[in-house]
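# Architecture and fold: a report
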Amino acid sequence: MKTQKGAMGILEFLRNSWFLLAFAAGVIYWVARQDSSLDELHRTDSRLTALENRTTILETGLGQLQIKIDTIREDVALIKTAVIQ
């Protein structure tokens with residue numbers, strides 16, 4: 001009889017506090033999602049850093065090519081003036 005009252009008491013408690021249990025489950029779910037979002041954020045940050053490094057390398061290469069092109073233009077201009085004279 002006592003066990004039946006204890007079980008009924010637990011069931012009554014669960015029935016009366018379902019909203020509290022649902023809220024706790026929602027909070028746990030939200031925290032778990034935030035934790036996985038932090039992992040995704042870390043991966044995205046790593047990818048962004050890699051892209052920034054590649055961009056810097058390309059910009060450096062383009063800068064060097066621009067200097068070479070400018071030098072060639074100056075040489076061509078000097079050759080033109082020498083040929084014209």
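Fair warning: this is a prediction, and the values are worked out from it, not measured in the lab.

## Overview of the pattern of salt bridges
Pairs can form between side chains of opposite charge once their charged atoms are near each other. Going through the model one piece at a time under the given rule, you end up with 3 salt bridges. One salt bridge connects Arg43 with Glu40, and the closest N-O pair in it is separated by 2.6 Å. Within this pair, Arg43 and its partner Glu40 are both found in helix H2 (residues 18–84), separated by 3 residues, close to a single helical turn. Its salt-bridge partner being Arg73, residue Asp70 comes within 3.9 Å of it at the nearest N-O pair. Of this pair, Asp70 and Arg73 both sit in helix H2, 3 residues apart, which is roughly one turn of that helix. The exposure class assigned to Arg73 is exposed, which follows from its relative accessible area of 56%.

## With respect to the packing of aromatic side chains
Overall, the coordinates contain 1 aromatic pair when judged by the stated rule. With centroids separated by 6.3 Å and ring planes inclined at 90 degrees, the aromatic side chains of Trp18 and Phe19 adopt a geometry described as edge-to-face. A relative accessible area of 52% means that Phe19 is categorised as exposed.

Rules of the game
Counting restarts for each chain, with residues numbered from 1 along the sequence as it is written. Thresholds applied to this predicted model are a pLDDT of at least 70 for local features of residues and 80 or more for the giving and counting of side-chain atom pairs; totals over whole chains, interfaces and linings are not thresholded and use all residues. Side-chain measures were taken over the full set of non-hydrogen atoms in the model, leaving aside hydrogen atoms and water. What makes a salt bridge here is a side-chain nitrogen of Lys or Arg within 4 Å of a carboxyl oxygen of Asp or Glu, nothing more. Helix and strand definitions follow DSSP, with helices as H or I runs of at least four residues and strands as E runs of at least two, each counted in order from the N terminus. Exposed residues in this analysis have more than 50% of their type's maximum accessible area, buried residues have under 20%, and partly exposed residues fall in between, with area computed by a 1.4 Å probe over protein chains only. Centres within 6.5 Å are what make two rings of Phe, Tyr or Trp a pair, Trp counting through its six-membered ring; a difference in plane orientation under 30 degrees is then read as stacked, over 60 as edge-to-face, and the rest as tilted.

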